[in-house]
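Commentary on secondary and tertiary structure
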Amino acid sequence: MSDIADAHDGQTHHPGAATYLIIAAFLVILTAMEVTVFYVHALHPVLVPLLIVLAAAKFALVVMFYMHLKYDQWLLTGVFIFPLIIATLLLVSLILLFAYLSNHMAPIG
Amino acid sequence: MAAQPKPLPAHQPSYLEGGGILGWLTTIDHKRVAVMYLVSALFFLALGGFEAMAIRVQLWRPDNHALSAAVYNAFFTMHGTTMIFLVVMPLLLGFFGNFLIPLQIGARDVAFPRLNALSFWLALVAGILLHLGWIRGGLPDAGWFGYANLTERYFTPGLAIDWWAIGLLVSGTSTVLTGLNFLTTIVAMRAPGMTYMRMPMFMWSLMVTSILILIAFPALTIGLIFLLFDRFFGTHFYVASAGATPILWQHLFWLFGHPEVYIMALPAFGIISEVIPTFSRKPLFGYPMMAYSICLIAFLSYGVWGHHMFATGMGPVADSAFAITSMLIAIPTGVKIFSWIATIWGGSLRMTTAFYFALGMILEFTLGGLSGIMHASAPIDLQQTDSYFVVAHFHYVLFGGVMFTIMAAFYYWWPKISGRMLGERLGKWHFWLTVIGFNLTFFPMHFLGMWGMPRRTYTYGADMGWTNLNQLETIGAFILAVAFLLFYVNIFKSLSSREERAPADPWDGRSLEWSTASPPPAYNFATIPQIRGRDAWWILKYGRAGSRGVAAYMSGQAPSQPQPDQPVSVEDIHMPAPSIFPLVLSLGVGVIGLGLIIDWYRIILIGAAVTVLSIVGMGFEYADFGEQSHDPEHAPSSGGVDVRKIGLWSFIGSECVFFASLISTFIVYKSRSLAGPGPKILNIPLTSFSTFVLLMSSLLMVLALAATQRGDKRWERIWLAGVVTFGLIFLGGQVYEFTSFYNEGMGLTTNLFSQSFFVLVGFHGAHVAIGVLWLSVLWVAAMTGKLGKSRALSVELAGLYWHFVDVVWIIIFTLVYLMQAVPGA
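Residues numbered from 1 in each chain as written. Chains lettered and ligands numbered in written order. Predicted model: local features only at pLDDT ≥ 70, side-chain atom pairs only at ≥ 80, totals over all residues. Heavy atoms only, no water.

**Thoughts on the overall build of chain B**
Let me state the cut-off plainly: Each helix is a run of DSSP H or I of at least 4 residues and each strand a run of E of at least 2, with the numbering of both proceeding from the N terminus. For the radius of gyration, the atom set is restricted to C-alpha positions; the globular benchmark scales as 2.2 Å times the number of residues to the power 0.38. Residues are treated as being in contact if the distance between any of their heavy atoms lies within 4.5 Å. Per-residue accessibility takes into account occlusion by the displayed protein chains alone, with areas from the Shrake-Rupley method and a 1.4 Å probe. We treat Lys and Arg as the positive residues and Asp and Glu as the negative residues; His and chain ends play no part in the count. For charged residues, the charge sits on one atom: NZ in Lys, CZ in Arg, CG in Asp, CD in Glu.
From N to C terminus, chain B includes 24 helices and zero strands. By the compact-globule yardstick of 28 Å for 825 residues, chain B fits well, its C-alpha radius of gyration being 27 Å. Projected onto the principal axes, the alpha-carbon positions of chain B cover approximately 80 × 80 × 45 Å. Taking all contacts inside chain B whose residues are at least 6 apart in sequence as the whole, residues at least 24 apart take part in 82%. Surface accessibility of chain B: about 28400 Å² in total, with carbon and sulfur atoms responsible for 69%. Of note, chain B has its 44 positive side-chain charges centred 5 Å away from the centre of its 41 negative side-chain charges.

**Some remarks on the overall build of chain A**
Convention followed: Each residue's exposure class comes from its accessible area (1.4 Å probe, protein chains only) as a fraction of the maximum for that residue type: buried when under 20%, exposed when over 50%, partly exposed otherwise.
Broken down by element type, chain A carries three helices and two strands. Each helix and strand of chain A, placed in order from N terminus to C terminus, yields the pattern β-β-α-α-α. Each of the 109 residues in chain A was classed as buried or not, and the buried ones make up 42%. Within chain A, contacts between residues separated by at least 24 positions form 42% of all contacts whose residues are at least 6 apart in sequence. Summed over its atoms, the accessible surface of chain A is roughly 5500 Å², and 75% of this surface lies on carbon and sulfur atoms.

**Describing the environment of Gly771 of chain B**
Residues and elements named next belong to chain B. Its place among the elements puts Gly771 in helix H23 (residues 752-783). In this structure Gly771 comes out as buried when scored by relative accessible area, which is 2%. For the pair Gly771 and Trp413, spaced 358 residues apart in sequence, the C-alpha separation works out to 43 Å. Gly771 has contacts with Tyr801 and Trp802, leaving out every residue within four places of it along the chain.

**Some thoughts on the pattern of salt bridges**
All names here are of chain B. Let me state the cut-off plainly: Any Lys or Arg side-chain nitrogen found within 4 Å of a carboxyl oxygen on Asp or Glu counts as a salt bridge.
By the definition in use, this model includes 16 salt bridges over all chains. Two residues, Asp712 and Arg710, come together in a salt bridge whose shortest N-O distance is 3.4 Å. Given the relative accessible area of 41%, Arg710 is considered partly exposed. Each member of the salt-bridge network shares a partner with another, and the members are Arg281, Asp505, Asp508 and Lys541.

**Let's talk about the interface of chain B and chain A**
Condition: Throughout this description, a polar contact denotes any pair of N or O atoms lying within 3.5 Å of each other; where both atoms belong to protein, one of them has to be capable of donating a hydrogen while the other can accept it, and for residues adjacent in sequence the pair is counted only when both atoms sit in side chains. Lys, Arg, Asp and Glu make up the charged group, whereas Ala, Val, Leu, Ile, Met, Phe, Trp, Tyr, Cys and Pro make up the nonpolar group; the residues left over, Gly among them, are polar.
Counting residues at the interface gives 73 residues for chain B, matched by 54 residues for chain A. Summed over the shared surface of chain B and chain A, the result is one salt bridge. In this structure, Asp72 of chain A and Lys645 of chain B form a salt bridge, with 3.0 Å as the shortest nitrogen-oxygen distance. Where chain B touches chain A, the interface holds three residue pairs in polar contact (both at pLDDT 80 or more). Here the side of chain B that touches chain A gets 15 residues from one element, more than from any other, and that element is helix H24 (residues 792-818) of chain B. Tallied by class, residues from the side of chain B that touches chain A come to 48 nonpolar, 20 polar and five charged.

**Brief notes about the nonpolar core**
In plain terms, the rule: Here, nonpolar core means buried Ala, Val, Leu, Ile, Met, Phe, Trp, Tyr and Cys residues that are tied together by side-chain atoms lying within 4.5 Å of each other.
Grouped together as the largest cluster of nonpolar side chains are 309 residues, with contacts concentrated most on Tyr66 of chain A together with Phe96, Trp340, Phe410, Trp413, Phe757 and Tyr817 of chain B. Discounting chain neighbours no more than four positions away, the residues touching Phe410 of chain B are Leu38, Leu42, Leu91, Phe95, Phe96, Leu422, Phe487 and Ile491 of chain B.

**Overview of unusual backbone geometry**
All names here are of chain B. At the junction of Ala148 and Asn149, the peptide bond is cis and its omega measures out at 0 degrees in the coordinates. Residue position: Asn149 is located in the loop between helix H4 (113-131) and helix H5 (160-188). Of the consecutive residues Ser518 and Pro519, the connecting peptide bond is found in the cis state with omega at -5 degrees. In this model, Asp535 sits at a positive phi of 55 degrees, which is unusual for a non-glycine residue. With respect to the secondary-structure elements, Asp535 resides in the loop between helix H15 (467-496) and helix H16 (536-542).

**Looking at a nonpolar patch on the surface**
Residue and element names in this part refer to chain B. Just so we agree on the cut-off: Patches here are clusters of residues that have more than 30% relative accessible area and form no salt bridge, with a 9 Å joining cutoff for like charges and a 5 Å cutoff for nonpolar side chains (Val, Leu, Ile, Met, Phe, Trp, Tyr).
Judged by side-chain polarity, Met327, Leu363, Leu367, Leu370, Ile373, Phe443, Phe447, Met450 and Trp451 come together as a nonpolar surface patch covering roughly 880 Å² of accessible area. Elements with a minimum of two residues in the nonpolar patch: helix H11 (353-376) and helix H14 (424-450). At four residues, the largest contribution of residues to the nonpolar patch is made by H11. Structurally, Phe443 is set in helix H14.

**Concerning helix H19 (residues 601-619) of chain B**
Residue and element names in this part refer to chain B. Here is the rule: One less than the residue count of a helix, multiplied by 1.5 Å, gives the span that helix is expected to have. In this description, one arc is meant: the one made by directions from the helix axis to the C-beta atoms.
Look at H19: 27 Å from first C-alpha to last across 19 residues, which is about the 27 Å you get at 1.5 Å a residue. For H19, the set of buried residues is Ile603, Ile604, Gly607, Thr611, Ser614, Gly617 and Met618. Looking straight down H19, one finds its buried side chains confined to an arc of 160 degrees; they lie on one side. Exposed positions of H19 whose direction lies more than 90 degrees from the buried face are Tyr601, Arg602, Leu605 and Leu613. In the core, the buried residues of H19 are packed alongside H4 and helix H18 (581-598).

**A look at the side chain of Arg510 of chain B**
Residues and elements named next belong to chain B. You can see Arg510 is positioned in the loop between H15 and H16. Residue Arg510 is classed as buried on the basis of its relative accessible area of 3%. In this structure the side chain of Arg510 is engaged in a polar contact, spanning 3.0 Å, whose partner is the side chain of Asp535. Residues contacting Arg510, with those up to four places away along its chain left out, are Pro277, Thr278, Arg281, Lys282, Pro283, Asp535, Ala536, Trp537 and Trp538.

**Some thoughts on the confidence of the model for chain B**
Stated formally: Summary of the metric used: pLDDT quantifies the predictor's per-residue confidence within the range 0 to 100.
Averaged over every residue, the pLDDT of chain B is 92; residues scoring 70 or more account for 94%. Confidence drops under pLDDT 50 across residues 563-567 of chain B; counting only partners more than four residues distant or on other chains, this segment forms seven contacts.

**A few points about the domain arrangement of chain A**
All names here are of chain A. Going by this rule: Domains are outlined according to an automatic or database domain assignment. Buried area, as used here, totals the accessible surface that two parts lose on assembly, with accessibility defined by a 1.4 Å probe and the loss added over both.
Splitting chain A by domain gives domain 1 (1-72) and domain 2 (73-109). Facing the seven residues of domain 1 at the interface are six residues of domain 2. Together, the buried faces of domain 1 and domain 2 total about 490 Å²; carbon and sulfur atoms form 70% of this surface. For the pair domain 1 and domain 2, the number of links is zero salt bridges. Our count for the contact surface shared by domain 1 and domain 2 stands at zero residue pairs in polar contact (both at pLDDT 80 or more). Partitioned by chemical class, the residues of the side of domain 1 that touches domain 2 number four nonpolar, two polar and one charged.

**Notes on the packing of helix H7 (residues 247-280) of chain B against helix H10 (residues 330-344) of chain B**
Residue and element names in this part refer to chain B. Selection criterion: Only C-alpha atoms enter the line fits that serve as axes; for helices the fit covers just the stretch in contact. Angles between N-to-C directions range over 0 to 180 degrees. Should an angle fall under 35 degrees it is taken as roughly parallel, and over 145 as roughly antiparallel, whereas 65 to 115 is taken as roughly perpendicular and any remaining angle as oblique. Take the far helix as the reference: if the near one is turned anticlockwise from it by less than a right angle, the crossing is left-handed, and if turned clockwise, right-handed.
One can describe the packing of H7 onto H10 by two numbers: an axis separation of 9 Å at closest approach and a directional angle of 15 degrees. If you check the angle between H7 and H10, you find them roughly parallel. Where H7 crosses over H10, the handedness of that crossing is left-handed. The residues of H10 that touch H7, namely those facing Phe269, Ile272, Ser273, Ile276, Pro277 and Ser280, are Thr333, Lys336, Trp340, Thr343 and Ile344.

**Digging into the packing of aromatic side chains**
Short version of the rule: Stacked, edge-to-face and tilted are the three classes for Phe, Tyr and Trp ring pairs, Trp counted by its six-membered ring, which pair at centre distances within 6.5 Å; planes under 30 degrees apart are stacked, over 60 edge-to-face, the rest tilted. We call a charge positioned over a ring when the NZ of a Lys or the CZ of an Arg lies within 6 Å of the ring centre and within 35 degrees of the ring normal.
Counting across every chain of the model gives 83 aromatic pairs over all chains. The ring centre of Trp24 of chain B lies 4.3 Å from the NZ or CZ of Arg32 of chain B, which sits over that ring.

Laid out in structure tokens, this is it:
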């Protein structure tokens, strides 16, 4: 099977089975690394950044190769990336706002 | 082949003709859907107006008891809810947006006509649910923003808040579907030659508004879901005594609520940008800056929600950040005001009623904007919060800015929509009474607010010194009511008039809708127009745009009659067939809502069955389901991407915000539990295996797609069956996990950690279940030979959804499970 298969709409090309399998292998390896990081106490000081990088890598692999954003038009990337950025900002903003609230609120009871 | 707009032959049936009642119930024509939005919005406008009048009657004199306090609370709650969700948005988006998007971009309909009809029926169901309290349980009375923890069952027992929350959930779903539809339509279905910088400004505003809808409404959805969980299942998302904080509701609500202001204001800006150039006989001044300022306003609007919450004590850094963004948003807004004024300057003005209302909007909205800048300053805002000053401000924005615009739009586009003119003489009376009544009603509220009159107050004492201004406001409100009455009379007279019909282009317009008949035929254009510049129709008439086109007009050059470049038979135009499924599906949703509220589970099951069967029915309704469209007229500006793919990606984008709201709540609450099990209970080996299963299901999914694309039916079935099986294994793992937690003493309501965990992971599981159902249907289609290479798009769309569910789990696995020892916010 060719690595790059013709797409159904004649506009874009999707990768073939070989690429899909390689990506799957990467995803398994990255997941194994995440679980390892969780269990190795020596890595706990850098747990958060390590896990975020590993999760981001997995996220990007699925989105780029399995969801074909690497091969599809930029329009689709834009339609996805902008809300993703907004969602990330929302997540960070709410965590920071409530962190402040938690540190300054009167204790319950 | 693209061509110039063709003057339609005589006796072309308009979209209003034929079909009877069933034709309207099953219509998916964007124009008929728009008219149905109009009828429902005019009804709710009268209802919301009645509620406003009752409020003003109650405040006529001190210590008044014309209404009971409970009814007063219900009326101001329902006035706000009705006007925002059932009047302004349906009119701007559902009515004008629906009617004009295809006409202004040179298309035959919206991208997803059945989804469009579904949006309307859902909106109507939402309106009915919101008002069923008149019949049973009472009307909601916690304010249009329903602040927690007033909305908790402990403080507001009964059904009223249930009606409100479920009605808003359905309304929000309808709006998100509309946003998704409009965005896809404007992006993909513009006529050949209509680049982004040639679009009418109204289309710019609706495109950006649609994006705003998709990223703003999920926060409200999550807030309402938490509220319903609190009310129905006994969780404590907003209960301070359980360690939670009602402030969470305020954040989620205003994350939606402030963009919502611009969801209403941006289409208004777009409409004004259409009306003013037409009646000034000049191109819109500063078109690129107008377009960019719309984008900037939308972007900034998502970062200003905190200015509604200065009084909650967010801290100096957050206060400063929100103050800065709130002040910054005045800059692109100012760009628009000055551009409109510059457009009018030196123009050949025609003082029609539409133009009057547009001018009125500029003045009144600017006043609202000026008081808005005051609110951006935290110290000043603290003095004004919850006072009548705020009521004055947002009515100057929403009535002065938006309702004036809606009226301008009515007088401007009514001839196109109905084929009849609205009376200009009556219109001028309508305008002047509106201006007088509006300013009498709302301007004194600035003073009352500064003198300390709190908003939402039921009554006031005679010694407060507020009586005279309140009486002035009530007189103003009655003048406004007369103005609206004249508006309704004008519509009635117009529709019942036997006078000559409106011409196709009564205002010598600039954009494409004026190139077709009034009212337009069902197919809009005999030939899809070829666009040669901005102000497409003006160019076709006068040969050139910009100042040279104006010079041609000013020199008395008669508009040329554009000729078609080839004859086209309208019999060759194929419009999508009507469908009963949108109506039935929305009825199913309504029945579910009803069953939830009256606690009758058989009703819920019936509603759910009707809903699921309707969705499946819609999926297979057309014989060419899932086939790639090869019609070049269908999506000329999509760059070859199928509109369904753009629509699904837009939905996925919206889902990002949905899950971000859920995840952030989990992180905020996971360490705030006062008792019971915490994050340590999470089972890493089990979920690592589940993660592996889900990742492998994604691999099988792409293999299934590849097999479908190359026409390999055997492997298509095998891989699809594999995905479904892996999905079921994942769900089985989740059921096992939940059950084991329950056995270890962690139920849904145990503590903040458990409730936020179960809701987040449960919603992800629900998405997986929907994916499994979707893929199972495709697998059945594959087994019966109905899939195959030509319908690979069906598999691709299901795959996109499935992979998204996978990437969400990647994030959940990391943030929820692997970071369990990391403290929350």
